[in-house]
Amino acid sequence: IQVIPHIDPMERSGGFDVYERPKKDHQYCITVDVARGAKSDYSAFVVIDITTVPYNLVAKYRSNEIKPLIFPDVVYRAGKNYNDAYMLIEINDIGGQIADAIHHDLAYENVIMTQMRGRLGQVVGGGFGDQQTDLGVRTTKQVKKVGCSNLKQLIESDKLLLNDFDIISEMSTFVQKGSSFEGEEGAFDDLMMCLVFFSWLTDQQYFKELTDEDIRKRLYETQRENIEADMAPFGFVDDGVHYG
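Residues numbered from 1 in each chain as written. Predicted model: local features only at pLDDT ≥ 70, side-chain atom pairs only at ≥ 80, totals over all residues. Heavy atoms only, no water.

Some details on the environment of Ser63
Link 1 in the chain: With respect to the secondary-structure elements, Ser63 resides in strand S5 (residues 55-63).
Link 2 in the chain: Counting along the chain gives 48 residues from Ser63 to Gly15, while the straight-line C-alpha distance between them is 5.7 Å.
Link 3 in the chain: One polar contact links the side chain of Ser63 to the main-chain amide nitrogen of Glu65, over a distance of 3.2 Å.
Link 4 in the chain: Polar contacts involving the side chain of Ser63 include one to the main-chain amide nitrogen of Ile66, which spans 3.3 Å. (Helix = DSSP H or I, 4+ residues; strand = E, 2+ residues; numbered from the N terminus. Polar contact = N/O pair within 3.5 Å; in protein donor to acceptor, adjacent residues only side chain to side chain.)

Structure, rendered in structure tokens:
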């Protein structure tokens, strides 16, 4: 964490920090963590360029004053600006209302949906099939576990580039509690949870097909090359005995 560099955003406006403006033909993903707007927690989202690996944080929003009634408009505008970005919204509490407002009231099409699939748990899908479909992701132990594990791998292998001071600050106080992770007492973890949701998403088949990038395969190839490079080369030993 200490060696992760951070830079100043090129634009700052009401909690929205921009590090890179939208680029034509680039794909973006927004993950959203919703608070009640009571100043005790932050409503937050991150905008990540998913066009190529490494993925790159291009913008982030964080505010503990914005009201849930206004938040959907802020998220919607960010999504439209960043090429109709794919959007994954946490829907445990008031987030469900935010997702409904963005998808139904504002007619935003690229909201990512999930379904419960028995032992597979929550799975991202297109909203088809018999199962009940949710407009977003519910924070469960499994989602958090997979998301935290993937996030650690992505950051350590430089597959996700983060250059935001607030995120690095939250990362330093994001600690393990039992089998889960959360912010230390008195610390915030809203931006980190946005990254946990994104990291969980990268492991979903839907996302792999969307971006044509299989993170696990790429990580495995990198690790395999490193292991092979570390191994002593196997040569031939001349014992002086010749067979004719």
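Section: the side chain of Gln115
Link 1 in the chain: Following the sequence through the fold, Gln115 ends up in strand S7 (residues 113-116).
Link 2 in the chain: Its relative accessible area of 2% is what places Gln115 among the buried residues.
Link 3 in the chain: Side-chain polar atoms of Gln115 contact the side chain of Thr133, separated by 3.1 Å. (Buried < 20%, exposed > 50% of the residue type's maximum accessible area, 1.4 Å probe, protein only.)

Observations regarding the sheet that holds strand S9 (residues 133-134)
Link 1 in the chain: Read from one edge to the other, the open sheet built from three strands follows the order S8-S7-S9, with strand pairing classed as antiparallel. Of all the strands in the sheet, just strand S8 (122-125) and S9 have a single pairing partner and so form its edges. (Pairing = 2+ DSSP bridges.)

A closer look at helix H5 (residues 190-202)
Link 1 in the chain: Helix length check: H5 (13 residues) gives 19 Å between terminal C-alpha atoms against 18 Å at 1.5 Å per residue, within 8%.
Link 2 in the chain: Along H5, 13 of the 13 residues are buried, which leaves the element largely enclosed by surrounding structure. (Expected span 1.5 Å × (residues − 1).)

Section: the side chain of Asp190
Link 1 in the chain: Relative to the elements of secondary structure, Asp190 occurs in helix H5.
Link 2 in the chain: One buried charged residue, Asp190, remains without a salt bridge, the closest side chain of opposite sign being Arg62 at 5.5 Å.
Link 3 in the chain: Ignoring anything within four residues of it in the chain, the contact list for Asp190 reads Asp33, Asp41, Tyr42, Ala44 and Glu170. (Lys, Arg positive; Asp, Glu negative; His and termini not counted. Salt bridge = Lys/Arg side-chain N within 4 Å of Asp/Glu carboxyl O. Contact = heavy atoms within 4.5 Å.)

Details of unusual backbone geometry
Link 1 in the chain: Cis peptide bonds are those with omega within 30 degrees of zero, and the linkage from Val53 to Pro54 qualifies with 5°.
Link 2 in the chain: On the secondary structure map, Pro54 appears in the loop between strand S4 (43-49) and S5.

Points about the packing of helix H4 (residues 165-172) against H5
Link 1 in the chain: The interhelical angle for the contact between H4 and H5, taken along N-to-C directions, is 90°, at an axis separation of 8 Å. Looking at the two axes, H4 sits roughly perpendicular to H5. Every residue of H5 that contacts H4 at Asp166, Ile167, Glu170 and Met171 is listed here: Asp190, Leu191, Met192 and Leu195.
Link 2 in the chain: Its residues placed into classes, the contact of H4 with H5 shows five nonpolar, no polar and three charged. (Axes fitted to C-alpha atoms, helices over the stretch in contact; angles between N-to-C directions. Parallel < 35°, antiparallel > 145°, perpendicular 65-115°, else oblique. Nonpolar A, V, L, I, M, F, W, Y, C, P; charged D, E, K, R; others polar.)

Topic: the pattern of salt bridges
Link 1 in the chain: Inspection of every chain in the model, using the stated rule, returns 12 salt bridges.
Link 2 in the chain: Salt-bridge contacts for Arg62 lead to Glu170; the nearest nitrogen and oxygen are separated by 3.1 Å. One end of the pair, Arg62, is in strand S5; the other, Glu170, is in helix H4, and 108 residues separate them in sequence. For the pair shown, Arg62 and Glu170 are each scored as buried.
Link 3 in the chain: Salt bridges linked by common partners bring Arg12, Asp17, Lys60, Arg62, Asp164, Asp166 and Glu170 together as one network.

What to know about the environment of Arg138
Link 1 in the chain: With respect to the secondary-structure elements, Arg138 resides in the loop between S9 and helix H3 (141-156).
Link 2 in the chain: Residue class for Arg138 comes out partly exposed when judged on its relative accessible area of 36%.
Link 3 in the chain: Sequence spacing of Arg138 and Asp93 is 45 residues, and the spatial spacing of their C-alpha atoms is 8.9 Å.

Some thoughts on the nonpolar core
Link 1 in the chain: Within the largest apolar cluster, 35 residues are counted, with the highest numbers of intra-cluster contacts made by Ile48, Leu160 and Leu195.
Link 2 in the chain: The set of elements that each furnish at least two residues to this core consists of S4, S5, strand S6 (86-89), H3, H4 and H5.
Link 3 in the chain: Here this core gets 10 residues from one element, more than from any other, and that element is H5.
Link 4 in the chain: If we skip the residues at most four places from it in the chain, Leu160 touches Ile48, Pro54, Tyr55, Leu151, Leu154, Ile155, Leu195 and Phe198. (Core = buried A, V, L, I, M, F, W, Y, C linked by side-chain atoms within 4.5 Å.)

Regarding helix H2 (residues 95-105)
Link 1 in the chain: When H2 is considered as a whole, its buried residues turn out to be Gly95, Ile98, Ala99, Ala101, Ile102 and His103.
Link 2 in the chain: Elements in contact with the buried residues of H2: helix H1 (71-81), S6 and S7.
Link 3 in the chain: Looking at the residues trailing H2, positive phi occurs at Ala107, about 55°.

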